[in-house]
Amino acid sequence: MIIDKIANFDRYISLHPGFAKIKPVLEKYSDTTLEPGKYEIDGDKVFAVVQGYDTKEAAPDKFENHRKYIDIQYITGGAEQIHVKEMTGLRIDFPFDEPHDYEFYKTPDSFVTAELETGEFAIFWPGETHRPGVMTDRGAAPLRKVIFKIEA
């Protein structure tokens, strides 16, 4: 997992060839008026999913993992907590759904809590389970974010 400000995204471009395809479109996806939905960048290899929702209390057993895609979760408006745990030893709650590239795990006894605000992003590789959408200590609030999906 990596957490940083989007202004520092250049630091990470060399980590994966797909990251370079995101850099030229970051400004476009920073626009909070962009309609929620899926946007192609490089077919199924790199795409963006724009989301808008209200954060809420942590949902039990919703630690998700992806096998095919790396997630870059970029907050464009608001703030949320994301709970993170490396998946070794976790108990499966919902088996892998290949067409949607996710599986869910039971909430572990311990995890890392990251709080992301507007202009910050987190990178999650396959095997790094995460539970996004959790409200901060300030309570439930509207959130806008873009999830860039990069084929691992």
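Each value, and the rule that gives it
All residue numbers refer to position in the chain's written sequence, counted from 1. Local features are withheld for residues below a pLDDT of 70 in this predicted model, meaning they are given only at 70 or higher, and side-chain atom pairs are given and counted only at 80 or more; totals for whole chains, interfaces and linings count all residues. Water and hydrogen atoms were dropped before computing side-chain values, which therefore reflect all heavy atoms in the structure. Accessible area is worked out with a 1.4 Å probe on protein chains only. A residue is then buried under 20% of its type maximum, exposed over 50%, and partly exposed in between. Counting from the N terminus, the helices are DSSP H or I runs at least four residues long and the strands are E runs at least two residues long. In this description, strands pair whenever DSSP reports at least two bridges between them. The criterion used for residue contact is that any of the two residues' heavy atoms lie within 4.5 Å. Polar contact criterion, stated in full: a pair of N or O atoms within 3.5 Å, where within protein one must be able to donate a hydrogen and the other to accept it, and residues adjacent in sequence count only if both atoms are side-chain atoms. Among buried residues, those of type Ala, Val, Leu, Ile, Met, Phe, Trp, Tyr and Cys that are joined through side-chain atoms within 4.5 Å constitute a nonpolar core. Geometry is summarised by axes, namely lines fitted to C-alpha atoms with helices restricted to the contacting stretch, and by angles between N-to-C directions that run from 0 to 180 degrees.

**Focus: the pairing of strand β1 (residues 2–5)**
Side chains of β1 alternate between two faces, with Ile-2 and Asp-4 buried and Ile-3 and Lys-5 left unburied. Sheet topology note: the β1/strand β10 (residues 120–124) ladder contains four bridges and is antiparallel. Bridge pairing in β10 links Ile-3 to Ala-122.

**Describing the environment of Glu-103**
With respect to the element layout, Glu-103 can be found in strand β8 (residues 102–105). Setting aside residues up to four positions removed in sequence, Glu-103 forms contacts with Phe-63, Glu-64, Asn-65, Arg-67, Met-87, Ile-92, Phe-94, Pro-95 and Phe-96. Separated by 2.8 Å, the side chains of Glu-103 and Asn-65 make a polar contact. A polar side-chain atom of Glu-103 sits 2.8 Å from a polar atom in the side chain of Arg-67.

**Some details on the nonpolar core**
Of all hydrophobic cores here, the largest spans 20 residues; its most connected members are Ile-72 and Phe-148. Only α1 (19–22), α2 (26–29), β3 (46–54), β5 (69–77), β10 and β12 (142–151) provide two or more residues apiece to this core. For Phe-148, the contacting residues outside a window of four places in its chain are Ile-22, Val-25, Leu-26, Tyr-29, Ile-41, Phe-47, Ala-48, Ile-70, Asp-71, Ile-72 and Tyr-74.

**Side note on the sheet that holds β10**
Strand order across the open sheet formed by six strands is β1-β10-β5-β12-β3-β2, with antiparallel pairing between neighbours. Strands at the two margins of the open sheet, each flanked by one partner only, are β1 and β2 (37–42). With strand direction ignored, the average angle separating the axes of adjacent strands in the sheet is 20°.

**Things to note about the side chain of His-130**
Locating His-130 in the fold gives a position in strand β11 (residues 128–134). Looking at His-130, its side chain comes within polar contact range of the side chain of Asp-71, at 3.3 Å. A distance of 2.9 Å separates a polar side-chain atom of His-130 from the backbone oxygen of Glu-128. Apart from residues no more than four positions distant in its own chain, His-130 is found in contact with Lys-62, Phe-63, Glu-64, His-66, Asp-71, Gln-73, Ile-82, His-83, Val-84 and Phe-124.

**Details of the environment of Asp-31**
Along the chain, Asp-31 turns up in the loop between α2 and β2. On the basis of relative accessible area, Asp-31 is assigned to the partly exposed category, the value being 36%. In sequence terms Asp-31 and Ala-7 are 24 residues apart; their C-alpha atoms lie 15 Å from each other.

**With respect to the pairing of strand β6 (residues 79–86)**
For β6, the buried fraction is high: six of the eight residues fall into the buried class. Pairing analysis gives six bridges linking β6 to strand β9 (residues 112–117), with the strands arranged antiparallel. When the bridges of β9 are listed, Ile-82 appears paired with Ala-114. Note: β6 against β11, five bridges, orientation antiparallel. Bridged to His-83 within β11 is Arg-131.

The quantities given are spatial measurements derived from coordinates; they are silent on function.
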